[in-house]
Amino acid sequence: MKKKSALIFGVTGQDGSYLAEFLIKKGYMVHGVKRRSSSPNTERIDHIFDSINFKNKDFNLYYGDLADGSNIFKLINSIKPSEVYNLAAQSHVKISFDIPEYTSDITGLGTLRILESIRASGLKKTKYYQASSSEMFGKVLKKKSINEITPFHPRSMYGVSKVFAYHTTVHYREAYGLYASNGILFNHESPRRGANFVTKKIVQGLVRIKKGKQKKLSLGNLYAIRDWGHAKDYVESMWKILQYKKPDDWIIATNKEKSVKSFINLVAKKLKLNLEWKGQGINEVAIDKKNNKIVIDVNKKFFRPTEVEYLKGNYKKAKTLLKWKPKHNIETLIDDMINYEIKNS
Ligand code: NAP
Ligand code: G4F
């Protein structure tokens, strides 16, 4: 029987790298798309693909960019993959306030370019996964679990672009009969998380402070609440979503909430850093009780013009129909991230 094949846009990212590993283990031929960069951007996949020696027979890498429609069409039309995973995006919410047009082009229109390429290639059997985001819910009026029918109210051009991509995916399903599904994933982290996302910044910063390599960590809103899962669990849900008997839209989350501040306190406790919090608002600081020095402060440059204050997801539909549930919890996620930083930072 012919091997199944998957094409991953965003393979060099956190999720793309875990998904590539997962699909190779499942016996897929995996095709990944990386964008051109002036310095190496394949750190997260170098262990599965040696781009000099073309080491892995189950994995191919191509240049591509979500801004380039003809390149996307050529890749899809020649590979004719069984499954396409669109994980590529300008994925940083705060940065989308600085580069709103670029974010809309890649995170929003990039999705249309892929779906239109699948349609125009006549690939009726190709299944499409869209990396939708809990950021689409944005301004949540009541602090309760979000599900698949909660209305969207995005608070950034990243969120707005993801809403465009979500609806484009639904539209191609309804108008052209494509198998196109949205995984609406809540925040998920790992040792491979980008350095400027809050969990990585906290774990890396506190480990470095503990090692004496960094004096202070500056953060923004300490009171935002997120539902944090482990990226390894979440890539499994992406695959399960595409194995379901029909295309649909799915919330993937842990249904547990934590503030940024409580995440910090958990990390500090595991590192045996004895923190004392003082002050309020922009003047709030955490002091290391061992030496009375400020190790965390608040800097307004990390605040967003509009914030998403509260996100918690109800994944009951995925649990019931896909038989998916998270294996990790916040403790094992933090342990995994800390162990990596202790060795590598
Ligand atoms: P990530 O680590 O930032 O990875 C994003 C990927 O997109 C990288 O491979 C990046 O390439 C690539 N990319 C960026 N701009 C591109 C362009 N113009 N053309 C082609 N590729 C481009 O993000 P992630 O955390 O793995 O998230 C994966 C997807 O899920 C994203 O779409 C994100 O928006 C979405 N999502 C993430 C979360 C989460 O909590 N992690 C939650 C919900 C949804 P480089 O490596 O070269 O930068
Ligand atoms: O880690 P964050 O930057 O993640 P955010 O904004 O929730 O977005 C992530 O999750 C989304 C899913 O909901 C994805 F779609 C998106 O691609 C990305 O992966 O910030 C989390 C919270 C925010 O409320 C932010 O204001 O932490 C707060 N925060 C406080 N200090 C900070 C900082 N965030 C960052 N990045 N840096 C800080 O210093």
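Figured I'd write up the structure that's included with this text.

### Observations concerning the site of ligand 2
Part 1: Lining the immediate environment of ligand 2, one finds 23 residues, of which Ser 133, Ser 134, Tyr 158, Arg 304 and Glu 307 sit closest.
Part 2: Between an oxygen atom of ligand 2 and a main-chain N or O atom of Val 198, the distance comes to 2.9 Å.
Part 3: A distance of 2.8 Å separates a nitrogen atom of ligand 2 from a polar backbone atom of Gly 220.
Part 4: Looking at side-chain class alone, the shell around ligand 2 contains 9 nonpolar, 8 polar and 6 charged residues.

### Considering the site of ligand 1
Part 1: For ligand 1, the set of nearby residues contains 25 residues, the closest of which are Thr 12, Asp 15, Asp 65, Ser 91 and Tyr 158.
Part 2: For ligand 1, an oxygen atom lies 2.8 Å from a polar atom in the backbone of Asp 15.
Part 3: Tyr 158 has a polar side-chain atom sitting 2.6 Å from an oxygen atom of ligand 1.
Part 4: Protein contact buries 90% of the 900 Å² of open area that ligand 1 shows by itself.

### Some thoughts on the packing of aromatic side chains
Part 1: Within this structure, the stated rule accounts for 11 aromatic pairs.
Part 2: Ring centres of Phe 137 and Phe 152 lie 5.3 Å apart, and the angle between their planes is 55°; this geometry places the pair in the tilted category. With Phe 137 in the loop between strand 5 (127–133) and helix 5 (157–176) and Phe 152 in the loop between strand 5 and helix 5, this residue pair connects regions lying 15 residues apart in the sequence.
Part 3: Residue Phe 137 is classed as buried on the basis of its relative accessible area, which comes to 1%.
Part 4: The exposure class assigned to Phe 152 is partly exposed, which follows from its relative accessible area of 24%.
Part 5: Put simply, the rings of Phe 137, Phe 152, Tyr 166 and Phe 186 touch in pairs and so form one group of aromatic residues.
Part 6: Between the NZ or CZ atom of Lys 127 and the centre of the ring of Tyr 179, over which it lies, the distance is 4.7 Å.
Part 7: Taking the ring centre of Trp 250 as reference, the NZ or CZ of Lys 317 above it sits at 4.8 Å.

### Side note on helix 1 (residues 14–25)
Because an α-helix completes one turn every 3.6 residues, residues spaced three or four positions apart along the sequence face the same direction.
Part 1: Here helix 1 spans 17 Å end to end across 12 residues, near enough to the 16 Å set by a 1.5 Å rise per residue.
Part 2: Counting buried positions along helix 1 gives 11 out of 12 residues, so the element sits mostly inside the fold.
Part 3: All of the buried residues along helix 1 are Gln 14, Asp 15, Gly 16, Ser 17, Tyr 18, Leu 19, Ala 20, Glu 21, Phe 22, Leu 23 and Ile 24.
Part 4: At the exit of helix 1 stands Gly 27, carrying a positive phi of roughly 95°.

### Let's talk about the environment of Thr 42
Part 1: Tracing the sequence through the fold places Thr 42 in the loop between strand 2 (29–34) and strand 3 (59–63).
Part 2: Note on Thr 42: relative accessible area 8%, which makes it buried.
Part 3: Along the chain, Thr 42 and Gly 13 lie 29 residues apart, while their C-alpha atoms are 8.5 Å from each other.
Part 4: When residues no more than four places from it in sequence are discounted, the contact partners of Thr 42 are Thr 12, Lys 34 and Leu 61.
Part 5: Reaching out from Thr 42, the side chain makes a polar contact with the side chain of Asp 46 at a distance of 2.8 Å.

### Examining the pattern of salt bridges
Part 1: Overall, the coordinates contain 19 salt bridges when judged by the stated rule.
Part 2: In this structure, Lys 3 and Asp 58 form a salt bridge, with 3.1 Å as the shortest nitrogen-oxygen distance. Residue Lys 3 is found in the segment before strand 1 (5–9), and its partner Asp 58 is found in the loop between strand 2 and strand 3; the two are separated by 55 residues along the sequence.
Part 3: Note that Glu 83 is salt-bridged to Lys 4, the shortest N-O span being 3.4 Å. Separated by 79 residues along the polypeptide, Glu 83 in strand 4 (residues 83–86) and Lys 4 in the segment before strand 1 bring together distant segments of the chain.
Part 4: Taking relative accessible area as the criterion, Glu 83 reaches 1% and is therefore assigned buried.

### Looking at the pairing of strand 13 (residues 275–278)
Part 1: The alternating pattern of strand 13 places Leu 275 and Trp 277 on a buried face, while none of Glu 276 and Lys 278, on the opposite face, is buried.
Part 2: With antiparallel pairing between neighbouring strands as the criterion, strand 13 and strand 14 (residues 285–288) make up a hairpin whose turn holds 6 residues, including Gly 279 at a positive phi of roughly 80°.

Reading the values: rules and limits
- Residues numbered from 1 in each chain as written.
- Chains lettered and ligands numbered in written order.
- Predicted model: local features only at pLDDT ≥ 70, side-chain atom pairs only at ≥ 80, totals over all residues.
- Heavy atoms only, no water.
- Near = heavy atom within 4 Å.
- Polar contact = N/O pair within 3.5 Å; in protein donor to acceptor, adjacent residues only side chain to side chain.
- Nonpolar A, V, L, I, M, F, W, Y, C, P; charged D, E, K, R; others polar.
- Areas by Shrake-Rupley, 256 points an atom, 1.4 Å probe, with all protein chains shown as cover.
- Phe/Tyr/Trp six-rings, centres within 6.5 Å; stacked < 30°, edge-to-face > 60°.
- Helix = DSSP H or I, 4+ residues; strand = E, 2+ residues; numbered from the N terminus.
- Buried < 20%, exposed > 50% of the residue type's maximum accessible area, 1.4 Å probe, protein only.
- Lys NZ or Arg CZ within 6 Å of the ring centre and 35° of its normal.
- Expected span 1.5 Å × (residues − 1).
- Contact = heavy atoms within 4.5 Å.
- Salt bridge = Lys/Arg side-chain N within 4 Å of Asp/Glu carboxyl O.
- Pairing = 2+ DSSP bridges.

Interpretation in functional terms is not warranted from these geometric data alone.
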